[in-house]
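Below, each chain spelled out in residue letters.
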Amino acid sequence: MAKKTNFSLTILSVILGITAIACLVTIYINTSLKSQQIESIYIVTLISIIGLILIHVRLLCKNIGSSYADEKKEREDSGVAKVLSSHKISEEILRSNENGTQSKYLNSRSGKNSNKALDSGEKELNETTLKKYTETRDKLREMAYFDSLTSLPNRRLFTEQLDLLIKQARRTGQMLALMFIDLDNFKRINDTLGHSAGDSLLQEIALRLRRCVRESDVVTRSTSSSLRADVSRFGGDEFTLILTDLESLEATARVADRVISSVTKPVNIDDKEISITTSIGIALAPENATDVAGLLKSADTAMYHAKQQGKDHYLFYNKEMDAANVEKVILERDLREAINSEELKVVYQPQVDIFNGSITGAEALLRWDHRERGPISPSRFIPLAEDIGLISDIGEWSLKIIGEQLNKIKQIIDRPLNISINISQSQFNTRLVEYLKEMNKNNLIPLENLTLELTENILLESNETNLRLINSLKSMGVLLSIDDFGTGFSSLSYLTKLPLDQLKIDRSFVLNLFNEENSGNIISAIIAMTSSLNLELVCEGVENKLQCEFLGSKGAKLFQGYLFSEPVSGDKLSQMLKPGFYLDQLTLLKLAETNN
């Protein structure tokens, strides 16, 4: 490093040097010529020499001090570099060793290296630098092992700790349980309320899972690490829970019950009350698997089967589930091919006006005639289509077929005939509205003859998105119906607030009309209510004349069920549209009553 030069002292030194030389020359000349010596010359010479000596001494002292300061600074910089090098933040710090002693590794090694560096004369290291380093190290560690949204351990920490716990359980012979927790229909929350509401819901669920697990239920920490992974966010809307030192399956079942009870309590987000259910799969180690991948696979399989049994449920894994899982994969593959291979078809069940015997509408139903297995029940493949995200594609294909049928019917009869189609929660979105607009624009479907049957859950979620979709459909001329009325969380408020056209009594009330005492009273109340609200009422599931007579006596008009017709093809429906097609059948029913 270049030294800073004092120019004033240098100039003075030069002047004094010249003066001294001049005086010495003068003295030499006088001595040679044996001239009279002048005492003043000796004085000036002496002063100049002394001045030169003082100036050089000062400059020398200053240079020595500057060199020492530079050397000290370089030594300090070297000390900082050494300590930071010894404390280097790298993947080695964030990687657990094979014995799972990551926390111990971090603390002991960093402390040992720090002490060694400080003992080497590097105690001058600024405490602020060390503090910043520690904060940065902890932040990186947190980012690597914890979920940023819920602050729960993430998948990486979970899998590392689960691996250690499985090994420990194998050594001690104790039982370990893994719960795989999935929130049912979480995608619907994001689609209807937005991702911000979805994130808030996940944060609340994470808090509830923490609270509902007591210390006595779980011990999920390595003896050599302070990291914990009792409840973890595995990803998306999936969580995991590890239970160790279990004495019985009943203890695991109690925890699962507590988790379900906690999760299903309503959550208030943005002044809206949201309810969600959960499905839980449980796998045991070492009984079901002896490694992380196997245990996760078993728990995930059990969770899927719990979801298939109606959701808000838990199941323990068993080997029979694997065969069913393979069956699901095959069925999923075949369902994706079913549309193009023409295995799917749309059939129609007529809706009959019992006062004149004419068909006023029909419900479109989806059927799958598998090329090898034969007919597959809609209760089996419709939920599968929803799970794999294929339901919207199938729905759009169905609407295209229905549009073609409606256009054919308009050419046959000169009166309105409505075709209704069921819309699930996962289908009720902007994509549906845009698809219908495009079809109507291209004259592919007469929207004024289309009725969409919505579930009560869709209508109860009267959020801004749902209301906008409902109003858009009504402005396009689409008719709206409530499907399976009375089976959900029925609310009279949405019947008066929403622009509805039709209500369908669930077939379970009709089937139990004479088996359950309250079914008849409920049906009578529903019929009276729809009449006062000027809503069209359809009674589905009518299968015998007693049901028909009771409903007719209470004022019901439109019937749908096997008493009149099973679901038929579009061509056959077209042949049944002449006025009074069922009039003779209704007359025979009345004659039968008279004869009895």
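Just so we're clear, the structure is a prediction, and the values are computed from it rather than from any experiment. (Residues numbered from 1 in each chain as written. Predicted model: local features only at pLDDT ≥ 70, side-chain atom pairs only at ≥ 80, totals over all residues. Heavy atoms only, no water.)

Trainee: Go over the overall build of the chain with me, naming the residues and quoting the values.
Mentor: A tally of helices and strands in the chain yields 22 helices and 16 strands. Within the chain, the proportion of its 596 residues that are buried is 44%. Here the analysis covers contacts within the chain between residues at least 6 apart in sequence; of these, 70% occur between residues at least 24 apart. If you sum the accessible surface of the chain, you get close to 32000 Å²; carbon and sulfur atoms cover 53% of it. (Helix = DSSP H or I, 4+ residues; strand = E, 2+ residues; numbered from the N terminus. Buried < 20%, exposed > 50% of the residue type's maximum accessible area, 1.4 Å probe, protein only. Contact = heavy atoms within 4.5 Å. Areas by Shrake-Rupley, 256 points an atom, 1.4 Å probe, with all protein chains shown as cover.)

Trainee: Tell me about the sheet that holds strand S1 (residues 175-183), and please be specific about residues and values.
Mentor: As summarised here, the arrangement of the five strands in space is S2-S3-S1-S6-S7, forming an open sheet in which the pairing is mixed. The sheet terminates laterally at strand S2 (231-235) and strand S7 (313-316), the two strands that pair on one side only. Here the average twist between neighbouring strands, direction ignored, is 25 degrees. For S1 and strand S6 (residues 278-285), the ladder comprises eight bridges, and the chain directions are antiparallel. Residue pairing across strands places Ile-181 opposite Ile-280, the latter belonging to S6. Each of S1, S2 and strand S3 (238-246) touches helix H6 (residues 155-172); the most contacted strand, S1, lies at about 155 degrees to it. (Pairing = 2+ DSSP bridges. Axes fitted to C-alpha atoms, helices over the stretch in contact; angles between N-to-C directions.)

Trainee: Any chance you could break down the pattern of salt bridges for me, citing the residues and the numbers?
Mentor: Here the structure, examined in full by the defined rule, presents 24 salt bridges. Salt-bridge contacts for Lys-410 lead to Glu-448; the nearest nitrogen and oxygen are separated by 3.5 Å. Of this pair, Lys-410 sits in helix H13 (residues 391-412) while Glu-448 sits in the loop between helix H14 (430-441) and strand S12 (450-454), and the two are 38 residues apart along the sequence. In this structure, the salt-bridge partner of Lys-504 is Glu-453, at a minimum N-O distance of 3.0 Å. Linking Lys-504 in strand S14 (residues 502-505) with Glu-453 in strand S12, this pair joins segments that are 51 residues apart in sequence. For Lys-504, a relative accessible area of 0% translates into the label buried. Note on Glu-453: relative accessible area 0%, which makes it buried. Several salt bridges converge on common partners, so that one network encompasses Arg-333, Asp-334, Glu-337, Glu-343 and Arg-371. (Salt bridge = Lys/Arg side-chain N within 4 Å of Asp/Glu carboxyl O.)

Trainee: Describe the pairing of strand S8 (residues 344-353), with residues and values.
Mentor: Most of S8 is tucked away: nine of the 10 residues are buried. Sheet topology note: the S8/strand S9 (residues 358-370) ladder contains 10 bridges and is antiparallel. Looking across to S9, one finds that Lys-345 is bridged to Arg-367. Linking two consecutive strands that pair antiparallel, namely S8 and S9, is a turn of four residues; a positive phi of about 75 degrees is found at Gly-357 within it.

Trainee: Residue-level account of the side chain of Thr-252, with values.
Mentor: Mapped onto the elements of the fold, Thr-252 is located in helix H9 (residues 249-263). Each residue touching Thr-252, except ones within four places of it in the same chain, is listed here: Ala-177, Met-179, Leu-243, Leu-246, Ile-282 and Phe-316.

Trainee: Requested: an account of unusual backbone geometry, with residues and values cited.
Mentor: Cis geometry is found at the peptide bond from Ala-285 to Pro-286, where omega equals 10 degrees. You will see that Ser-151, though not glycine, has its phi angle at about 65 degrees, which is positive. Its identity is not glycine, yet Glu-342 carries a phi of approximately 60 degrees, on the positive side. Here Glu-342 lies in the loop between helix H11 (320-338) and S8. A residue is classified by how much of its surface remains accessible, and Glu-342, at 71% relative accessible area, is exposed.

Trainee: Please set out helix H12 (residues 378-387) residue by residue, giving values where relevant.
Mentor: Taken as a whole, H12 has its buried residues at Phe-381, Leu-384 and Ala-385. Looking down the long axis of H12, one finds its buried residues gathered within 100 degrees of arc, a one-sided arrangement. For H12, the elements touching its buried residues are helix H10 (292-308), H11, S8, S9, strand S10 (374-376) and H13. One or two positions beyond H12, positive phi appears at Gly-389, with a value near 75 degrees. (Arc of directions from axis to C-beta.)

Trainee: Describe the pairing of S7, and please don't skip the residues or the numbers.
Mentor: Sheet topology places S6 next to S7; four bridges connect them, and they run parallel. Along S7, the bridge assignment pairs Gly-281 with Leu-315. As for the winding sense of the linkage, the β-α-β connection from S6 through H10 to S7 is left-handed. (Right-handed = clockwise from strand over helix to strand, strands pointing away.)

Trainee: Help me get a handle on the packing of aromatic side chains, residues and values and all.
Mentor: Overall, the coordinates contain seven aromatic pairs when judged by the stated rule. An angle of 80 degrees between the planes, with centres 6.3 Å apart, marks the rings of Tyr-314 and Phe-316 as edge-to-face. Members of the aromatic cluster, connected to one another through ring pairs, are Phe-158, Phe-180 and Phe-234. Arg-156 extends its terminal NZ or CZ atom over the ring of Tyr-145, reaching a point 5.1 Å from the ring centre. (Phe/Tyr/Trp six-rings, centres within 6.5 Å; stacked < 30°, edge-to-face > 60°. Lys NZ or Arg CZ within 6 Å of the ring centre and 35° of its normal.)

Trainee: Summarise the environment of Leu-513; cite the residues concerned and give the values.
Mentor: Mapped onto the elements of the fold, Leu-513 is located in the loop between helix H18 (507-511) and helix H19 (517-532). Residue class for Leu-513 comes out buried when judged on its relative accessible area of 7%. A sequence separation of 10 residues divides Leu-513 from Ile-523, and the C-alpha atoms of the two residues are 8.5 Å apart. Among residues more than four places away in sequence, those in contact with Leu-513 are Ser-519, Gly-520, Ile-523, Gln-547 and Phe-550.

Geometry only, nothing functional implied.
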